[in-house]
Amino acid sequence: MVAGLDIGGSNLRVALTDARGVVLAEMQEPTTVTGGLAVAQQGVRLVRRVLQDPVTDGRRLSAIGVSIPGVVGPDGATVHYAWNVGQPEPFDFHSVLAQALEVPVLLDNNVNLAALGEQRQGAAQDLSTFAVIAVGAGVGAGIVHQGQLLRGAHGGAGEVAFLPTSQDYRRPEAGAPDEAGGVILLRTAQSRGIWDGSGAPASVEELFQRAAAGDRTAREIVEEESRRIAVIAASISAVVDPEAILLTGGVGANEMLVAQVATLVEDFSPFSTPVLRSGLGARASLVGALHLGVTFTQQALLAQVGDSRPSSDAPLFTRALPGEPLEVHR
């Protein structure tokens with residue numbers, strides 16, 4: 001069996017598949033702790049729980065792909081800037097997971113894996129060059145160029161939170177909340193003094209609901225956020241020239257935001273770059289994590305039978321819906 005683990009600041013998700021990629025079981029729970037060690041240990045407990053599902057029928061785990069909100073260094077183990085899970089300092093997530101689960105651990109950035117998920121099963125299946133911008137508590141991008149994920153010299157390709165999207169914001173330190181992310185967006189909303197009798201919104205979701213209902217202050221704040229995301233999208237367009245940009249995340253997938261960003265990008269970008277809503281939503285990073293584990297396992301099995309034709313870049317599967325087998329290419 002193969003496992004995929006998506007570690008997020010709000011939720012942890014895990015899924016099991018067989019070596020073909022047929023999804024056997026899924027489980028999720030709220031992230032109840034902070035800090036690299038504590039969050040990794042909660043992820044281990046969740047994986048062990050799903051492994052107790054009777055559907056596993058006593059089969060052993062062969063590999064696990066892990067999605068993490070941070071920059072995974074060239075060593076594939078050390079994660080930087082994972083402030084979203086309370087770990088702004090570098091931390092070796094890989095060793096904690098590998099020692100506890102005793103299987104190969106394949107670790108990657110959550111938005112990189114969201115891009116892989118969209119490429120395999122989502123809105124980017126027909127695209128060769130595209131970007132996924134995830135806007136949740138923070139903001140990040142996964143960039144695929146000519147079918148290959150861009151990682152950069154330090155694993156930091158797509159760390160668009162470090163782009164200066166306005167002249168007013170100065171990041172006090174590398175681990176501070178992202179200007180275009182949901183944390184700063186809600187702080188901005190709650191700091192505005194001009195609200196009706198119900199007061200400032202208590203959540204980003206409520207902010208967008210008020211904007212959709214016509215609240216002037218809410219609409220202004222959403223327009224400001226749309227402009228920040230559009231600057232990020234246009235910057236990616238100017239450098240990479242993607243066929244399309246996908247928006248996802250608890251903030252990014254909002255239909256009002258997607259529509260406003262699409263209009264602004266038309267003004268900002270020198271090329272016509274469609275801005276689309278994610279096809280997989282919250283499951284994108286989990287599907288990408290499963291891709292890592294299934295690819296690793298399939299290649300190991302093929303090596304055992306002496307078939308060395310697939311390379312590490314070969315797309316070994318294209319589907320990962322629950323109960324549906326992945327399409328294996330040999």
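Residues numbered from 1 in each chain as written. Predicted model: local features only at pLDDT ≥ 70, side-chain atom pairs only at ≥ 80, totals over all residues. Heavy atoms only, no water.

(A) Just the overall build of the protein chain, in detail. Secondary structure assignment for the protein chain yields 8 helices and 13 strands. For the protein chain, the residues scored as buried account for 52% of the 330 residues in total. Restricting to contacts in the protein chain with at least 6 residues of sequence separation, those with at least 24 account for 61%. As presented, the protein chain carries roughly 14,500 Å² of accessible surface, and 50% of it is formed by carbon and sulfur atoms. (Helix = DSSP H or I, 4+ residues; strand = E, 2+ residues; numbered from the N terminus. Buried < 20%, exposed > 50% of the residue type's maximum accessible area, 1.4 Å probe, protein only. Contact = heavy atoms within 4.5 Å. Areas by Shrake-Rupley, 256 points an atom, 1.4 Å probe, with all protein chains shown as cover.)

(B) Focus on helix α5 (residues 204-212). Taken together, the buried positions of α5 are Val204, Leu207, Phe208, Arg210 and Ala211. Around the axis of α5, the buried residues are gathered within 160 degrees of arc, so they sit on the same side. Within α5, the exposed residues directed more than 90 degrees away from the buried face are Glu205 and Ala212. In this structure, the buried side of α5 is in contact with α4 (182-191), α6 (216-240) and α7 (255-268). After α5 finishes, the residue Gly214 shows a positive phi value of roughly 105 degrees. (Arc of directions from axis to C-beta.)

(C) Focus on helix α8 (residues 284-304). Compared with an ideal rise of 1.5 Å per residue, which puts 21 residues at 30 Å, α8 spans 30 Å between its outermost C-alpha atoms and is within 8% of the ideal. Most of α8 sits inside the fold, with 15 of its 21 residues counted as buried. Gly306 occupies a position one or two residues after α8 and carries a positive phi of about 80 degrees. (Expected span 1.5 Å × (residues − 1).)

(D) Here's a closer look at the sheet that holds strand β3 (residues 23-30). An order of β3-β2-β1-β4-β8 is seen for the 5 strands of this open sheet, with the pairing classed as mixed. Each edge of the open sheet carries a strand with a single partner, namely β3 and β8 (105-109). The sheet shows a mean angle of 15 degrees between the axes of neighbouring strands, taken without regard to direction. As paired strands, strand β4 (residues 63-68) and β8 are joined by 5 bridges and run parallel to one another. Residue pairing for β8: Ile68 is matched across the bridge by Asn109. (Pairing = 2+ DSSP bridges. Axes fitted to C-alpha atoms, helices over the stretch in contact; angles between N-to-C directions.)

(E) Structural detail: the sheet that holds strand β5 (residues 71-72). Taken together, 3 strands build an open sheet; the order of strands is β5-β6-β7 and the sheet is antiparallel. Of all the strands in the sheet, the pair left with one neighbour each is β5 and β7 (91-92). Where β5 and strand β6 (residues 78-80) come together, 2 bridges link them in antiparallel fashion. Of the residues in β6, the one forming a bridge with Val72 is Val79.

(F) Inspection of the nonpolar core at higher detail. Judged by nonpolar contacts, the single largest core of 36 residues is most densely connected at Ile133, Val139, Leu207, Ile229, Ile232, Ile236 and Val261. Looking at this core, the element that brings in the most residues is α6, giving 9 residues. Once you skip the residues sitting within four places of it in the chain, Val261 turns out to touch Ser226, Ile229, Ala230, Leu247 and Val275. Ala3, Leu46, Ile64 and Val85 belong to the second largest nonpolar core, which has 30 residues in total. (Core = buried A, V, L, I, M, F, W, Y, C linked by side-chain atoms within 4.5 Å.)

(G) Spatial organisation of the environment of Leu113. Checked against the element boundaries, Leu113 lands in helix α3 (residues 110-121). Residue contacts for Leu113: discarding those within four places in its chain leaves Val66, Ser67, Asp108, Ala284, Ser285, Gly288, Ala289 and Leu292.

(H) Up close: unusual backbone geometry. Positive phi values are uncommon outside glycine, yet Asp57 reaches one of about 55 degrees. Position of Asp57 among the secondary structure elements: in the loop between α1 (36-51) and β4. Judged by its relative accessible area of 65%, Asp57 is exposed. For Asp241, which is not glycine, the phi torsion reads 55 degrees and is therefore positive. For Asp241, the position within the fold is in the loop between α6 and β12 (244-248). Residue Asp241 is classed as partly exposed on the basis of its relative accessible area, which comes to 42%.

(I) Representation of the pairing of strand β10 (residues 139-145) within the structure. With 6 of its 7 residues buried, β10 lies for the most part within the structure. Looking at chain direction, strand β9 (residues 130-135) and β10 are connected through 6 bridges and run antiparallel. Bridged to Val135 within β10 is Val139. Counting the residues in the hairpin turn of β9 and β10 gives 3 residues. Where β10 meets strand β11 (residues 148-149), 2 bridges bridge the pair, whose relative direction is antiparallel. Residue Val144 lies in a different strand from β11, and its bridge partner there is Leu149. Hairpin connection, β10 to β11: the antiparallel pair is bridged by 2 residues, and Gln146 has positive phi, about 50 degrees.

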